[in-house]
There are 2 protein chains.
Amino acid sequence: MVQDKKQAILKGVLKLVNRVGFYHISMKMVAEEAGVAAGTIYLYFKGKEELINELYTMIVSEFNESVLGAYDQDSPIKEVYRAMMSRAVLFYLNNKDYFSFIEQYTYAPFLFKENQEQNFMLLLPLYKMMRAGKKQKMIKNLPDAVLLSMVHGPMNTMLKMHFARKTDLTKATVQNKFYNACWEAIAAHN
Amino acid sequence: MVQDKKQAILKGVLKLVNRVGFYHISMKMVAEEAGVAAGTIYLYFKGKEELINELYTMIVSEFNESVLGAYDQDSPIKEVYRAMMSRAVLFYLNNKDYFSFIEQYTYAPFLFKENQEQNFMLLLPLYKMMRAGKKQKMIKNLPDAVLLSMVHGPMNTMLKMHFARKTDLTKATVQNKFYNACWEAIAAHN
DNA sequence: TTTCAAAAAATGAACGTTCATTCATTTTTA
DNA sequence: TAAAAATGAATGAACGTTCATTTTTTGAAA
């Protein structure tokens, strides 16, 4: 019961992200969206900050769980890469709300020092894959930041463009071209 | 005279972006920073929205001018690419304010439909270079969105990581590795 | 099963704060 | 001295949060 209402409130925030935009979300709107009174939110969260931060943590968990589900120790690293990219893209395509939220949360006034480190938590699955690839000499021996940027950066921009209707990431051909281009940026020559 | 004061107000906004964060910038703070009274701002701008939008336009102009300054019709495309990347990185390294502002403006409540298209204006210099490269068969024949993502995305992430002290983009070695990785993502094989 | 009082949960009006904007007044310029 | 520019206190709207009051749930007694 208690968890149901908490979830309803969290989902309420998400539904508002796209409709009104992150910075216009008020507690009153969240309450309305969740079907509770404004004061009720404060029975489940200390305040707006905690609400937003918990939602962020929830999304990161879901994302990482989904993407790491594609990690198979025994598969060739290129296949692991493909599977992870595919899952990540699918995750956001199916949850535009999540993407918008994450993007805007990064620069929200709620991000305190503790969470600022968490900000790179979304890169953990990628990081794991890269470390393995480097060991196997399948991935270039470049600084981690460069490798991460070469995969995370393009994905972000592609999704942004997709949602702005500048491209169609649901097309398999677009996805494949995109995955291949990223792979060539990080793959060791052989 | 009039332009001086207008510039002072615009610069005031920029100085506040890093100090207090985009969403805590109030008109009163801007006024203080610019050394004028709050009401004075309204003699130069219709309101906060116009102020922020003009600042955005100003930054885009400066950026594009700076990066396109590296465009030389006669140089090999790879050198043009290098020069443009170099200028773009330098531009933001020297103007952290600009970077922070641009990042946060994208999702600010001020972005109206008209400007939402302008949002991709920052990609114009890259776009120009890519078109030329495609014609010369030096750059892969991929959809524009993919190519743009492979250069703009990583740059964004690298800069974000640089400012979060996860890497040091001022190091020439890091820059070179980064430029090369991007190039391999978009370069045609030969 | 029904009753009912105590506890728990939920409500939303009210409060205090913040902020963009206005405009009557003052200061500066021509 | 008239016009232009600048000022900053006042205004009203928006928002997060609180808390006195109401509603719902619980479980023991009848």
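Refer to the preceding data block for the structure.
In short, a report on the structure.

So, how was this worked out
- Positions within a chain are numbered from 1, following the residues in the order the chain's sequence is written.
- Key to labels: chains lettered from A, ligands numbered from 1, both in the order written.
- Where totals are concerned, whole chains, interfaces and linings use all residues; where local detail is concerned, this predicted model gives features only for residues with pLDDT of at least 70, and gives and counts side-chain atom pairs only at 80 or more.
- Working from all heavy atoms in the structure, the side-chain values ignore hydrogens and water.
- Residues count as neighbours in contact if any of their non-hydrogen atoms are within 4.5 Å of one another.
- As used here, buried area is the combined drop in accessible area, with a 1.4 Å probe, of two parts when they are placed together.
- Within this document, salt bridges are pairs made up of a side-chain nitrogen of Lys or Arg and a carboxyl oxygen of Asp or Glu, the two lying within 4 Å of each other.
- Polar contact criterion, stated in full: a pair of N or O atoms within 3.5 Å, where within protein one must be able to donate a hydrogen and the other to accept it, and residues adjacent in sequence count only if both atoms are side-chain atoms.
- Runs of H or I in DSSP of at least four residues are treated as helices and runs of E of at least two as strands, each being numbered from the N terminus.
- In this classification, the charged set is Asp, Glu, Lys and Arg, the nonpolar set is Ala, Val, Leu, Ile, Met, Phe, Trp, Tyr, Cys and Pro, and all remaining amino acids, among them Gly, are polar.
- Burial status follows relative accessibility: with a 1.4 Å probe on protein chains alone, a residue under 20% of its type maximum counts as buried, one over 50% as exposed, and anything between as partly exposed.
- Expected span of a helix, by definition, is 1.5 Å for each gap between consecutive residues, and there is one gap fewer than residues.
- To be clear, the arc concerns the directions from the helix axis to the C-beta atoms.
- Superposing the copies works by least squares over the C-alpha atoms of residues that have pLDDT at least 70 in both of them.
- One heavy atom within 4 Å of a molecule or strand makes the whole residue count as near it.

1. Digging into the interface of chain A and chain B
For step 1, the next point in the chain: Taken together, the 36 residues of chain A in the interface contact 36 residues of chain B.
For step 2, the next point in the chain: At the boundary of chain A with chain B, total buried surface from both sides reaches about 3,200 Å², with 73% on carbon and sulfur atoms.
For step 3, the next point in the chain: Taken together, the connections running from chain A to chain B amount to 2 salt bridges.
For step 4, the next point in the chain: Across the pair K140 of chain A and E184 of chain B runs a salt bridge, and its minimum N-O distance is 3.0 Å.
For step 5, the next point in the chain: Between chain A and chain B we count 8 residue pairs in polar contact (both at pLDDT 80 or more) in total.
For step 6, the next point in the chain: Among the elements of the structure, α6 (96–105), α9 (144–163) and α10 (172–186) of chain A are those that each provide at least two residues to the side of chain A that touches chain B.
For step 7, the next point in the chain: The greatest single-element share of the side of chain A that touches chain B, amounting to 12 residues, is contributed by α9 of chain A.
For step 8, the next point in the chain: Across the side of chain A that touches chain B, the residue classes break down as 21 nonpolar, 8 polar and 7 charged.

2. Considering the pattern of salt bridges
When the charged atoms of two side chains with opposite charge come close together, those side chains can pair.
For step 1, the next point in the chain: Tallied over the entire structure, the rule returns 12 salt bridges over all chains.
For step 2, the next point in the chain: Between E33 of chain A and K15 of chain A there is a salt bridge; the shortest N-O distance is 3.8 Å. Of the two residues, E33 of chain A is situated in helix α2 (residues 27–34) and K15 of chain A in helix α1 (residues 2–20); the sequence distance between them amounts to 18 residues.
For step 3, the next point in the chain: The exposure class assigned to E33 of chain A is partly exposed, which follows from its relative accessible area of 23%.
For step 4, the next point in the chain: For E54 of chain B, the salt bridge identified is with K6 of chain B, shortest N-O distance 3.4 Å. One end of the pair, E54 of chain B, is in helix α4 (residues 48–68); the other, K6 of chain B, is in helix α1 (residues 2–20), and 48 residues separate them in sequence.

3. Structural notes on helix α8 (residues 124–135) of chain A
All names here are of chain A.
For step 1, the next point in the chain: Under the 1.5 Å per step criterion, the end-to-end length of α8 is 17 Å for 12 residues, consistent within 8% with the ideal 16 Å.
For step 2, the next point in the chain: Looking only at α8, the buried set comprises P125, L126, M129, M130, A132 and G133. The arc that holds the buried residues of α8, viewed along the axis, is 165 degrees, so those residues lie on one side.
For step 3, the next point in the chain: Along its buried surface, α8 packs onto α4 (48–68), α5 (77–94) and α9.

4. Details of the relation of the copies chain A and chain B
There are two copies of the chain, and a rotation about an axis plus a shift along that axis relates them.
For step 1, the next point in the chain: Superposing chain A onto chain B takes a rotation of 180 degrees plus a shift of 0.0 Å along the axis, which leaves an RMSD of 0.1 Å. As the rotation angle and translation indicate, the two copies are arranged about a two-fold axis.
For step 2, the next point in the chain: Here 100% of the contact residues of chain A are again contact residues in chain B; the copies associate through an equivalent surface.

5. Points about the protein's contact with DNA strand C
For step 1, the next point in the chain: Of all residues adjacent to DNA strand C, which total 14 residues, the nearest are T40 and Y44 of chain A together with M27, Y42 and K48 of chain B.
For step 2, the next point in the chain: Among atoms of DNA strand C positioned within 4 Å of the protein, sugar and phosphate together represent 65%.
For step 3, the next point in the chain: I25 of chain B places a polar main-chain atom, nitrogen or oxygen, 3.4 Å from a phosphate oxygen of DNA strand C.
For step 4, the next point in the chain: One of the side-chain N or O atoms of K48 of chain B is found 2.5 Å from a phosphate oxygen in DNA strand C.

6. Let's talk about α6 of chain A
Note that an α-helix has 3.6 residues per turn; residues three or four places apart therefore point the same way.
For step 1, the next point in the chain: With 8 of 10 residues buried, α6 of chain A is to be regarded as a mostly interior element.
For step 2, the next point in the chain: Looking only at α6 of chain A, the buried set comprises Y98, F99, S100, F101, I102, E103, Q104 and Y105 of chain A.

7. Some details on the protein's contact with DNA strand D
For step 1, the next point in the chain: Around DNA strand D sit 14 residues, and of these M27, Y42 and K48 of chain A together with T40 and Y44 of chain B come closest.
For step 2, the next point in the chain: Within the backbone of M27 of chain A, a nitrogen or oxygen atom sits 2.8 Å from a phosphate oxygen of DNA strand D.
For step 3, the next point in the chain: Within the side chain of Y44 of chain B, an N or O atom sits 2.7 Å from a phosphate oxygen of DNA strand D.
For step 4, the next point in the chain: Those elements giving two or more residues to the surface near DNA strand D turn out to be α3 (38–44) of chain A together with α3 (38–44) of chain B.
For step 5, the next point in the chain: Top contributing element to the surface near DNA strand D by residue count: α3 of chain B, with 4 residues.

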